[in-house]
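# Reading the structure
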Amino acid sequence: MADAALFEFLHTEMVAELWAHHSDPGPGGQKMSLSVLEGMGFRVGQALGERLPQETLAFREELDILKFLCKDLWVAVFQKQMDSLRTNHQGTYVLQDNSFPLLIRMAAGLQYLEEAPKFLAFTCGLLRGALSTLGIKSLVTASVASLPTCKFQVVIQKT
């Protein structure tokens, strides 16, 4: 449990530091901070993907890879499985976490809802990086309708 607390603290400090350095309240400063966080998450996701046992890399379908992310990768990072995985069978997947660990402390009030995106950028990059290592080019976005529930939309980019 100490690992989870340390990761949460590190993540919170990364967000706070980036917002302090790119404090431009306009869209340009926020986009820069979100991009940096997403890039950091992408690299971490790549590293996690590289450390996977070789036998797990023999997935047959995209859906198998997404199931792996929802179960095994999510447990490795957040000590819990993703709550839901949905697909339209056309390359779009929606992963839902009803109690996303990085948003739980903010769930006390609706005033924090607009702050949520900056706490999701790293995880979007993490998912995209892991998928990249597994050979899937994707676009990952996140949305929050009510705290601490969040949805990650993964769109597979066909080459």
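Coordinates for the structure precede this section.
Heads up: these notes are all about the structure in this document. (Residues numbered from 1 in each chain as written. Predicted model: local features only at pLDDT ≥ 70, side-chain atom pairs only at ≥ 80, totals over all residues. Heavy atoms only, no water.)

Now for the overall build of the chain. What the chain contains, in helices and strands, is four helices and four strands. The order of helices and strands in the chain, counted from the N terminus, is α-α-α-β-β-α-β-β. Per-residue burial over the chain gives 41% buried out of 159 residues. Expressed as a percentage of contacts within the chain between residues at least 6 apart in sequence, the contacts between residues at least 24 apart total 57%. When the accessible surface of the chain is summed, it comes to about 9100 Å², and 55% of that surface belongs to carbon and sulfur atoms. (Helix = DSSP H or I, 4+ residues; strand = E, 2+ residues; numbered from the N terminus. Buried < 20%, exposed > 50% of the residue type's maximum accessible area, 1.4 Å probe, protein only. Contact = heavy atoms within 4.5 Å. Areas by Shrake-Rupley, 256 points an atom, 1.4 Å probe, with all protein chains shown as cover.)

Next up on the list: the pattern of salt bridges. Within the structure shown, the criterion is met by four salt bridges. As a salt-bridge pair, R128 and E38 come within 2.7 Å of each other at their nearest N and O atoms. Taken together, the residues R128 in helix α4 (residues 121-133) and E38 in helix α2 (residues 27-50) connect sequence positions 90 residues apart. Two residues, K158 and E62, come together in a salt bridge whose shortest N-O distance is 2.8 Å. (Salt bridge = Lys/Arg side-chain N within 4 Å of Asp/Glu carboxyl O.)

It is at 11 Å that the axes of helix α3 (residues 62-78) and α4 come closest, and there the two elements cross at 125°. By the angle between their directions, the pair α3 and α4 is classed as oblique. The two elements α3 and α4 cross, and the hand of that crossing is right-handed. The segment α3 lies against α4, with I65, L66, L69, L73, W74, V77 and F78 engaging T123, L126, L127, A130 and L131. In terms of residue class, the contact of α3 with α4 is made up of 11 nonpolar, one polar and no charged. (Axes fitted to C-alpha atoms, helices over the stretch in contact; angles between N-to-C directions. Parallel < 35°, antiparallel > 145°, perpendicular 65-115°, else oblique. Left-handed = near helix turned anticlockwise from the far one by under 90°. Nonpolar A, V, L, I, M, F, W, Y, C, P; charged D, E, K, R; others polar.)

Under the defined criterion, the tally for this structure stands at zero disulfides. Of all cysteine sulfurs, the one in C124 lies closest to C150, which takes part in no disulfide; the gap is 8.4 Å. On the basis of relative accessible area, C150 is assigned to the buried category, the value being 1%. (Disulfide = S-S within 2.5 Å.)

A word on the packing of aromatic side chains. Counting across every chain of the model gives five aromatic pairs. Seen from their ring centres, W74 and F78 are 4.7 Å apart, and the 50° between their planes marks the pair as tilted. Here W74 pairs with F78, and both are found in helix α3, just four residues apart, close to one helical turn. Here W74 and F78 have matching classes, each one buried. A ring pair is formed by F78 and F100, whose centres lie 5.2 Å apart and whose planes are at 65°; its orientation type is edge-to-face. Here the residue F78 occupies a position in helix α3, and F100 occupies one in the loop between β2 (92-97) and α4, the gap between them amounting to 22 residues. Per residue, the accessibility class of F78 equals that of F100, and both read buried. (Phe/Tyr/Trp six-rings, centres within 6.5 Å; stacked < 30°, edge-to-face > 60°.)

Time to look at the side chain of D97. Inspection of the secondary structure puts D97 in strand β2. Judged by its relative accessible area of 0%, D97 falls in the buried class. In this structure the side chain of D97 is engaged in a polar contact, spanning 2.6 Å, whose partner is the side chain of K80. Each residue touching D97, except ones within four places of it in the same chain, is listed here: W74, K80, M82, D83, P148, T149 and C150. (Polar contact = N/O pair within 3.5 Å; in protein donor to acceptor, adjacent residues only side chain to side chain.)

Attention shifts here to the environment of F78. Exposure remark for F78: the relative accessible area of 6% places this residue in the buried category. For the pair F78 and F100, spaced 22 residues apart in sequence, the C-alpha separation works out to 8.4 Å. Dropping the residues within four chain positions of it, F78 is found in contact with F7, F100, P101, L102 and T123.

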